[in-house]
Amino acid sequence: MSSDNLVYFLGAGAMAEAMIKGLLEQQVLPREQITATDIRPGRCLEIAEKYGIATECQATAERLAQATIVILAFKPKDLASALATYRAYLHEDQLVISLLAGMPTQQIGQYLPEQTPVVRAMPNTAASVGLAATAICAGQHAKPEHLALAETLFAAMGIVQQVAEPMMDAVTGLSGSGPAYVYLLAEAMLAGGMAAGLDGSTARALTEQTLLGAARMLQVSDHTPAELRQQVSSPGGTTIAGLQALTEHHFTEAVQDAILRATERSRDLARAATFGTN
Ligand SMILES: NC(=O)c1ccc[n+]([C@@H]2O[C@H](COP(=O)([O-])OP(=O)(O)OC[C@H]3O[C@@H](n4cnc5c(N)ncnc54)[C@H](OP(=O)(O)O)[C@@H]3O)[C@@H](O)[C@H]2O)c1
């Protein structure tokens, strides 16, 4: 990214940290071009020490005015109070990228100086290892060049898909929340391996590599997930016996339901934001 870009994180929690780590490790930006603030001074110190970036306490966020890209990385419930604090440092020449789950860009625009371009993004925490799945959409006043800038930023930390804003709730349900579903699967595989007699470290190593290998196969193969599954499920074999147990426990329906429920929760957050009940 160009040396003109100064990125400023408002909120330095889990998602901001994943992005800061990804930006530095993937050499998208040098540390001098990244600043963060957080309501908790201790968190500012921790992030500054860990990544060598500048942090400012909330009351004196002066570098914010010089930022070219401002990333909203606090929780949706903190939108009004946070932007009341920072609005004085914000202006329409900055690109605001919102990570806030379920928060429509129109709602965010109400707390920003008029004409400020807003791009909404839904990354996931795999940004910290350069493997995020991010969806972005243009919000109020965002021009193609703003979307392109956001795409460059997130493409350096994984893959980026452009979607229409109404699809952002589904993205949140699938890839925003998705890492947690996979961690739960990993927990279950680990426990299953140990119940079958393996020691913990062997079960963990085999679980990790199995997930990694299957994900890579999905990525590089021309086959659909269903075809890949059928290829390894010979009749009367071991895999088909395992799959049968998953079917008996309604595995497919459970995963689909998880995505639909997380999508609905994102829609609830959007409704609450619109009607001021969050
Ligand atoms: N985590 C994910 O996987 C993920 C994925 C996609 C999108 N997101 C979105 O990313 C955003 C951040 O999520 P997160 O998981 O990183 O949350 P988090 O870990 O709770 O981080 C948010 C941080 O912002 C701080 N904060 C609150 N008000 C603030 C203010 N006025 N100024 C500065 N900092 C303030 C919080 O402090 P306190 O804790 O004291 O309130 C906290 O340290 C959310 O909007 C979420 O929807 C998260």
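See above for the structure.
The residue count restarts for each chain, going from 1 along the sequence in the order it is written. For this predicted model, a pLDDT threshold of at least 70 governs which residues receive local features, and a threshold of 80 or more governs which side-chain atom pairs are given and counted, while totals over whole chains, interfaces and linings are taken from all residues.

A. Main features of the overall build of the chain. From N to C terminus, the chain includes 11 helices and eight strands. Once C-beta atoms are placed from the backbone, each residue is buried if 20 or more other C-beta atoms lie within 10 Å of its own, exposed if 12 or fewer, and partly exposed for counts between those two. In the chain, which comprises 278 residues, the proportion classed as buried is 34%. Residues are defined as contacting one another if the C-beta atoms placed from their backbone atoms lie within 7 Å. Here the analysis covers contacts within the chain between residues at least 6 apart in sequence; of these, 65% occur between residues at least 24 apart. Each helix corresponds to a stretch of at least 4 residues labelled H or I by DSSP, and each strand to a stretch of at least 2 residues labelled E; elements are numbered beginning at the N terminus.

B. Representation of the site of the ligand in the model. Near the ligand there are 29 residues, and of these G11, G13, M15, A82 and A101 occur at the shortest range. By the convention adopted, Pro, Cys, Tyr, Trp, Phe, Met, Ile, Leu, Val and Ala count as nonpolar, Lys, Arg, Asp and Glu as charged, and the other residues, Gly among them, as polar. The residue inventory of the shell around the ligand, partitioned by class, reads 15 nonpolar, nine polar and five charged. Only the C-beta atom, placed from the backbone, is used; a residue is near a molecule or strand if that atom lies within 6 Å of it.

C. Representation of the sheet that holds strand 1 (residues 7-10) within the structure. Whether two strands pair comes down to DSSP finding at least two bridges between them. If you trace the eight strands from one edge of the open sheet to the other, you get 3-2-1-4-5-6-7-8, paired in mixed fashion. Whereas interior strands pair on both sides, the edge strands pair on one side only; in this sheet they are strand 3 (54-57) and strand 8 (158-162). Within the sheet, the average angular offset between the axes of one strand and its neighbour, ignoring direction, is 25 degrees. Where strand 1 and strand 4 (residues 69-72) come together, four bridges link them in parallel fashion. Paired with Y8 across the bridge in strand 4 is V70. Angles here are taken between N-to-C directions and fall from 0 to 180 degrees, while the axes themselves are lines fitted to C-alpha atoms, restricted in helices to the stretch in contact. Sitting on the sheet, helix 5 (residues 144-155) touches strand 4, strand 5 (95-98), strand 6 (118-122), strand 7 (132-138) and strand 8, and the angle it makes with strand 7 is about 175 degrees.

D. Quick look at the nonpolar core. Counting residues in each nonpolar core, the largest one holds 60 residues, and the members touching the most others are F9, L10, I20, V70, I71 and A73. A total of six residues in this core trace back to one element, the largest contributor, which is helix 1 (residues 14-25). If sequence neighbours within four positions are ignored, V70 has contacts with Y8, L10, L64, L90, Q94 and V96. One nonpolar core equals one set of buried Ala, Val, Leu, Ile, Met, Phe, Trp, Tyr and Cys residues connected by C-beta atoms within 7 Å.

E. Representation of the pairing of strand 6 within the structure. In terms of burial, strand 6 is a largely internal element, five of the five residues being buried. By the alternation rule, side chains of strand 6 split into V118, R120 and M122 and V119 and A121, which are all buried. Relative to strand 6, strand 5 runs parallel, the two sharing three bridges. Residue I97 lies in a different strand from strand 6, and its bridge partner there is V119. When strand 6 meets strand 7, the two strands line up antiparallel, connected through four bridges. The residue bridging M122 from the neighbouring strand is A135, located in strand 7.

The values reported here are purely geometric and, on their own, carry no functional implication.
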